[in-house]
Amino acid sequence: MRRVFVTRRLPEAGVRGLLAAPDLVVDIRQRDDAIPRQELLQRIEGCSGVITILSDRVDREFLAAAGDHLRIVANYAVGFDNIDLAACSEAGVAVSNTPDVLTNATADLAMALMLAVSRRFREGQSLAESGSWSGWEPMQLLGRDVSGATLGIIGMGRIGTALAKRAQGFAMNVLYHNRRPNPEAESRMDVRFAELPSLLEQSDFVSLHCPLSEATHHLIGAPELKRMKESAVIINTARGAIIDEQALLEALLQKQIWGAGLDVFEREPEITQGLAHLPNVVMLPHLGSATTEARTAMARLCSEAVLAVLQHKKVAHLLNPEVIS
Ligand code: DGY
């Protein structure tokens, strides 16, 4: 019997189809914490399919440990910077991801972070909880308007586009930067392409939505932060390492920018020391896609991809379709 290993507990409704497959043994590690590398390498041995999450490194060592039966790695994320795609393709292993189903959840969270930072939720909540709030004051915790402000979106793909739509509902002006201009987005919405330096200089909010790659690692470092307005807020719901976290800490301490909303971190789950104590930083533990709907749909997409590849059927979201031609 062919075996499939799932490295973490996933929403049950999303894996039902996989569990019901008559010709498969599905081994789900019924835990939420990170799987130790050695355990991962042992448990994938001889598997035909593996469902991984974003912190499971899929590299040549992984492929060697799995062996020749491996046909598919279904990554439970839209981002796939944990996967050596070239090595998988060379080994004839298909790789899938989970786009679309988490677009709205992630764009909602980016919008929520923009509001939370600009309206000083963190300081407001502390004051309301402290027992020392003495009542309404005209000058208390003044934030900044989102309406009418300029939002610079870096990475105008699915999530960037969904954020642009939300931002326009808040009467924001939207600029974007992408590897290439996105004429489709420009024809559907009032958004303008800008080169990165110009976007950073003009934006009141900068939100990151590009994938992490060699080209985008530390895309935002000290020089880029210096270009931003002193009143600007940076939002990251993409991947932590797109920002140089130490440079961000320094920019915030020196008040080069006004605040940050961070859902992702450079060395998760570690967070650069000092960041957590800043009042103008709102931090979340990588919750972009964390709704029951999105996470269930992600599990369903992974299950369907595994089943489709093993049954030689068409797969919806393959990152290296050439391997199953
Ligand atoms: C992703 O999908 O890449 C997120 O970071 C987790 O949902």
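What comes next concerns the included structure.

Before going further, it helps to examine the pattern of salt bridges. The tally for this structure, following the rule as stated, stands at 22 salt bridges. For Arg-2, the salt bridge is made with Asp-23, and the minimal N-O distance between the two is 3.4 Å. Here the residue Arg-2 occupies a position in strand 1 (residues 2-6), and Asp-23 occupies one in the loop between helix 1 (12-20) and strand 2 (24-28), the gap between them amounting to 21 residues. The class for Asp-23 is partly exposed, based on a relative accessible area of 31%. Arg-37 serves as the salt-bridge partner of Glu-61, at 3.0 Å between the closest nitrogen and oxygen. Highlighted residues: Glu-61 in helix 3 (residues 60-66) and Arg-37 in helix 2 (residues 37-43), separated in sequence by 24 residues. Through salt bridges with shared partners, one network takes in Asp-27, Arg-29, Arg-31, Asp-33, Glu-39 and Arg-43.

Once that is clear, we can look at the pairing of strand 2. Where a strand is regular, its side chains alternate between the two sheet faces. With burial as the criterion, only one face of strand 2 is covered, namely that bearing Leu-24, Val-26 and Ile-28; the residues Val-25 and Asp-27 on the opposite face remain uncovered. Taken together, the five bridges between strand 1 and strand 2 define a ladder with parallel strand orientation. Directly across from Arg-3, in strand 2, lies its bridge partner Val-25. Each parallel crossover has a hand, and for strand 1 linked through helix 1 to strand 2 it is right-handed.

Once that is clear, we can look at the site of the ligand. The environment of the ligand is formed by Leu-54, Ala-77, Val-78, Gly-79, Leu-102, Arg-239, His-286, Ser-289 and Met-298. Contacts to the ligand include Val-78, whose backbone N or O atom sits 2.6 Å from an oxygen atom. Contact between the ligand and Arg-239: an oxygen atom at 2.7 Å from a side-chain N or O atom of the residue. Taken by itself the ligand offers 230 Å² of open surface, and the protein chains cover 90% of this. A class-by-class count of the residues in the shell around the ligand yields five nonpolar, three polar and one charged.

Thresholds, definitions, all that
- Residues numbered from 1 in each chain as written.
- Predicted model: local features only at pLDDT ≥ 70, side-chain atom pairs only at ≥ 80, totals over all residues.
- Heavy atoms only, no water.
- Salt bridge = Lys/Arg side-chain N within 4 Å of Asp/Glu carboxyl O.
- Helix = DSSP H or I, 4+ residues; strand = E, 2+ residues; numbered from the N terminus.
- Buried < 20%, exposed > 50% of the residue type's maximum accessible area, 1.4 Å probe, protein only.
- Pairing = 2+ DSSP bridges.
- Right-handed = clockwise from strand over helix to strand, strands pointing away.
- Near = heavy atom within 4 Å.
- Polar contact = N/O pair within 3.5 Å; in protein donor to acceptor, adjacent residues only side chain to side chain.
- Areas by Shrake-Rupley, 256 points an atom, 1.4 Å probe, with all protein chains shown as cover.
- Nonpolar A, V, L, I, M, F, W, Y, C, P; charged D, E, K, R; others polar.

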